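What follows is each chain in one-letter form.
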Amino acid sequence: MSFPQRTIGCGDLRPDAAGRKVVLNGWAHRVRDLGGLFFVDLRDRSGIVQLFLDPSRFANLQEIRPETCLAVTGRVERRSPDTVNPKIPTGEVEVLVDEYQVLGPSKPLPFPLSDEEQMAQVNEELRIKHRYLDLRRPSMLRRLQIRASAVRRIRAYLDARGFLEVETPIITKSTPEGARDYLVPYRLDPGKFYALPQSPQQYKQLLMVAGVERYYQIAKCFRDESQRSDRQPEFTQLDLEMSFVVQEDVLQLMEDLTRQVVNGLIEDFGLDKRPVGPFARISYDEAMRLYGCDKPDLRFGLPIFDATEALSACSFGVFRSTIEAGGRIRGVRYPGGAHLSRKDVSQLEAFAKTFGAKGLATLSVVPSDAPDAVPAGDLAVKGSIAKFFTAEELQATLREADAEPGDLLCFVADRYEAGNNVLYRLRNEIGDRCGLRDRRELNFCWVLDFPLVEWDEETGRWSPTHHPFTSPKAEDLPFLESDPARVRADCYDIVCNGVEWASGSIRIHRPDVQARVFSLLGIDEATQRERFGHMLEAFQYGAPPHGGIAPGIDRLIMFLTDDENIREVIAFPKVGNGYDPLMDAPSPIDAQQWEEIGLRLADPG
RNA sequence: GCGGGUGUAGCUCAGUGGUUUAGAGCGCCGGCCUGUCACGCCGGAGGCCGCGGGUUCAAAUCCCGUCAUCCGCGCCA
């Protein structure tokens, strides 16, 4: 097909181009047929400009409809002052069309893609099914551009510091620990399977053994687990690994990389975000104690308080029996929550119960002279449980909670771990309700000193907090067998605004230590050889100390674009059950393919 | 696997057991319109009310089941 090729982008036209003859290639964004006048807003990647077509010169203008693909030749004209459109950057000019050619006619659209406001409401599956149209929207293009720019900046940063980008296999070995694998049948030996990698973890460690020293990859990872608004079955990580480093080296590099990349993007794209400063550091234990989780949102305070000591002898049965059973009475302060209606409070309790709380006890903090209040030192409290406590108990509790008049104290009485699971969500919820989670702030922090392993009640085994290649801290190594719970790991996460963003560690590089950790995890020697023999053997050939980290690219873009849904920052996402409405995948295979892979469906039932 | 929400025109939605013909805005089709830029005005077409079953004289509406999708829980070394 021959057609006139563009000489300039639609969005690049300014008054200084007036009088010039230009060729534009793009799509009809909107069409306005006034009878004697015909306007088309022509859109390409650079922006939108208004075309003027004289209906007396063109016989078939009705062929130009929204999203018709066009080549246009015309002259740039300055608009008269009364016809300037101040709403668009090209609003001072328009293009008088001499000739146009329809490069691709368009059917009526499945959704109003030129109207961003309406598009925000359109059924998402429909958008994904027609993603090639959805992505024409400037707001979607911008997401792709921010993403590309982020990756470009990451590459530039790492390339400049001696990192080597290496591709690792996509069809590889199944590792049943961890998430469920996506499996690929092996044609030449039916019954054997490849798996898609959950991460390039083992390959990147082998690259360290191989002497690459500094590796990175923009790596696709695959996990066949249930989705969430921030989880897709395939997602992208910046996977990086360094040799001859200690934890602090990785932390400094990653923090510097993040700040440079993110701050550069904020500036390039004019994002409404404050520049990212130095990362706070918090230990795992402290994060759990103060914020109830290993991914605290540090944009606001409201740490969890502990009233267990203050109330150890109280007469409130629920609290006392919890304490006697070894549980804790901890809570979150809700500033201004004393004014909540009974209905609001019961909503809050329902919220807590969805995360396993048995109940939510509350006390309203009021001035000491408030009527019908139970005294508590300089202050007083109200609430159905207030009568169970002495003034001394209440005063000590209020001191722990750092309470002020007008606060609502929300108590969860439970085992430490179970309480945390409720309290951290409650704290985030209160932060939301009080407007304390500032969208303009990107609060990155390090969470350090994770335990190496956690006791798994279900399997009755120790399971790795991070993954089985994480190095125990040298000073804790002697307790690996005798007291696994006290062993800390050289392991570090980056959390941003309460979302886990990156996870990394110094790895085990000694085969004897690796074998001990496998054994601790209940993996017997035969299984170790079968599943991880290549790692154990590789470590016997002069393996260097090494460590790395892997931040999520999708989530990084979500932080920058304020998207709460990961699908918005992925060009071709899956819907919730892993289905791809655009390609109609997964799909059945034909008889010959069944034959080739040598498998049959099991008989139903 | 579990809980909650949604499913009505191409899109977004309204419609709480009783009008003949299930409505609105946008879109679409036809007509008019020489300065629009969310153009405007007039007219028109378009519906297995997700699907299946049940209750009823009568179901978009009530009940049961099922499917899809969204959000969350479990899961995610």
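For the structure, check the block above.
Residues numbered from 1 in each chain as written. Chains lettered and ligands numbered in written order. Predicted model: local features only at pLDDT ≥ 70, side-chain atom pairs only at ≥ 80, totals over all residues. Heavy atoms only, no water.

Go over the overall build of chain A, please, and point to the residues and values.
Along the backbone of chain A there are 15 helices and 23 strands. Taken along its principal axes, the extent of the C-alpha atoms in chain A is 95 × 75 × 55 Å. For chain A, the proportion of its 605 residues judged to be buried stands at 48%. For chain A, the proportion of contacts with a sequence separation of at least 24, taken over those separated by at least 6, is 67%. Within the structure as shown, chain A displays about 29500 Å² of accessible surface, and the carbon and sulfur contribution to it stands at 50%. Here chain A holds 75 positive side-chain charges and 92 negative ones, and the gap between their average locations is 3 Å. (Helix = DSSP H or I, 4+ residues; strand = E, 2+ residues; numbered from the N terminus. Buried < 20%, exposed > 50% of the residue type's maximum accessible area, 1.4 Å probe, protein only. Contact = heavy atoms within 4.5 Å. Areas by Shrake-Rupley, 256 points an atom, 1.4 Å probe, with all protein chains shown as cover. Lys, Arg positive; Asp, Glu negative; His and termini not counted. Charge placed at Lys NZ, Arg CZ, Asp CG, Glu CD.)

For the sheet that holds strand E2 (residues 38-44), give the residues involved together with the corresponding values.
One key point about sheets: their strands pair by backbone hydrogen bonds, in either a parallel or an antiparallel sense. Spatially, E1-E2-E3-E5-E4 is the arrangement adopted by the five strands of the closed barrel, whose pairing is mixed. The average angle at which neighbouring strand axes cross in this sheet is 55°, direction not considered. Where E2 and strand E3 (residues 47-53) come together, seven bridges link them in antiparallel fashion. Paired with Leu 42 across the bridge in E3 is Val 49. (Pairing = 2+ DSSP bridges. Axes fitted to C-alpha atoms, helices over the stretch in contact; angles between N-to-C directions.)

Can you explain the pairing of strand E5 (residues 93-104)? Please cite residues and give values.
Where E3 and E5 come together, two bridges link them in parallel fashion. Bridge pairing links Phe 52 to Leu 96 in E5. Sheet topology note: the strand E4 (residues 69-78)/E5 ladder contains 10 bridges and is antiparallel. When the sheet's bridge partners are listed, Ala 71 is paired in E5 with Gln 101.

Explain the protein's contact with RNA strand B to me, and be specific about the residues and the numbers.
Not every one of the 45 residues close to RNA strand B is listed here, only the nearest: Thr 83, Gly 178, Ser 226, Arg 228 and His 466. Those atoms of RNA strand B that come within 4 Å of the protein belong to sugar or phosphate at a rate of 58%. At a separation of 3.2 Å, a sugar or linking oxygen of RNA strand B approaches a polar backbone atom of Pro 110. Contacts to RNA strand B include Arg 231, whose side-chain N or O atom sits 3.0 Å from a base oxygen. (Near = heavy atom within 4 Å. Polar contact = N/O pair within 3.5 Å; in protein donor to acceptor, adjacent residues only side chain to side chain.)

Help me get a handle on the nonpolar core, residues and values and all.
Grouped together as the largest cluster of nonpolar side chains are 46 residues, with contacts concentrated most on Leu 158, Leu 240 and Phe 444. For this core, the element with the most residues is helix H6 (residues 247-268), which contributes nine residues. Those residues within four positions of Leu 158 in sequence are excluded, and the remaining contacts are Phe 163, Tyr 216, Leu 238, Leu 240, Leu 253 and Leu 257. (Core = buried A, V, L, I, M, F, W, Y, C linked by side-chain atoms within 4.5 Å.)

So, the environment of Pro 81: which residues are in play, and what are the values?
Looking at the element boundaries, Pro 81 is found in the loop between E4 and E5. Sequence separation of Pro 81 and Phe 469 is 388 residues, and the distance between their C-alpha atoms is 69 Å.

Give a detailed account of the packing of helix H7 (residues 284-291) against helix H11 (residues 416-433), specifying residues and quantitative values.
Running from N to C, H7 and H11 point in directions that differ by 70°, and their axes come no closer than 8 Å. Judged by the inter-axis angle, H7 sits roughly perpendicular to H11. Listed contacts from H11 to Asp 285, Met 288, Arg 289 and Tyr 291 of H7 are Tyr 416, Asn 420, Tyr 424 and Arg 427. Class assignment for the residues of the contact of H7 with H11 results in four nonpolar, one polar and three charged. (Parallel < 35°, antiparallel > 145°, perpendicular 65-115°, else oblique. Nonpolar A, V, L, I, M, F, W, Y, C, P; charged D, E, K, R; others polar.)

Can you lay out helix H10 (residues 391-401) for me, pointing to particular residues and giving the numbers?
Buried within H10 we find Glu 393, Leu 394, Ala 396, Thr 397, Leu 398 and Ala 401. Turning to H10, the residues buried within the fold contact strand E12 (305-306), strand E13 (328-334), strand E14 (361-367), strand E15 (374-376), strand E16 (379-382) and strand E17 (408-414). Just beyond H10, the residue with positive phi is Asp 402, at close to 55°.

Pulling in residues and values, what's your account of the packing of aromatic side chains?
Considering all chains together, one arrives at 20 aromatic pairs under this definition. Consider the rings of Phe 351 and Phe 355, whose centres lie 5.0 Å apart with planes at 70°: the pair is edge-to-face. Here the aromatic residues Phe 279, Phe 444, Trp 446, Tyr 492, Trp 501 and Phe 559 are joined through ring pairs into a cluster of three or more. One residue, Arg 427, lies across the ring of Phe 300, its end atom 4.0 Å from the ring centre. The cationic tip of Arg 486 hangs over the ring face of Phe 479; the distance from NZ or CZ to the ring centre is 3.6 Å. (Phe/Tyr/Trp six-rings, centres within 6.5 Å; stacked < 30°, edge-to-face > 60°. Lys NZ or Arg CZ within 6 Å of the ring centre and 35° of its normal.)

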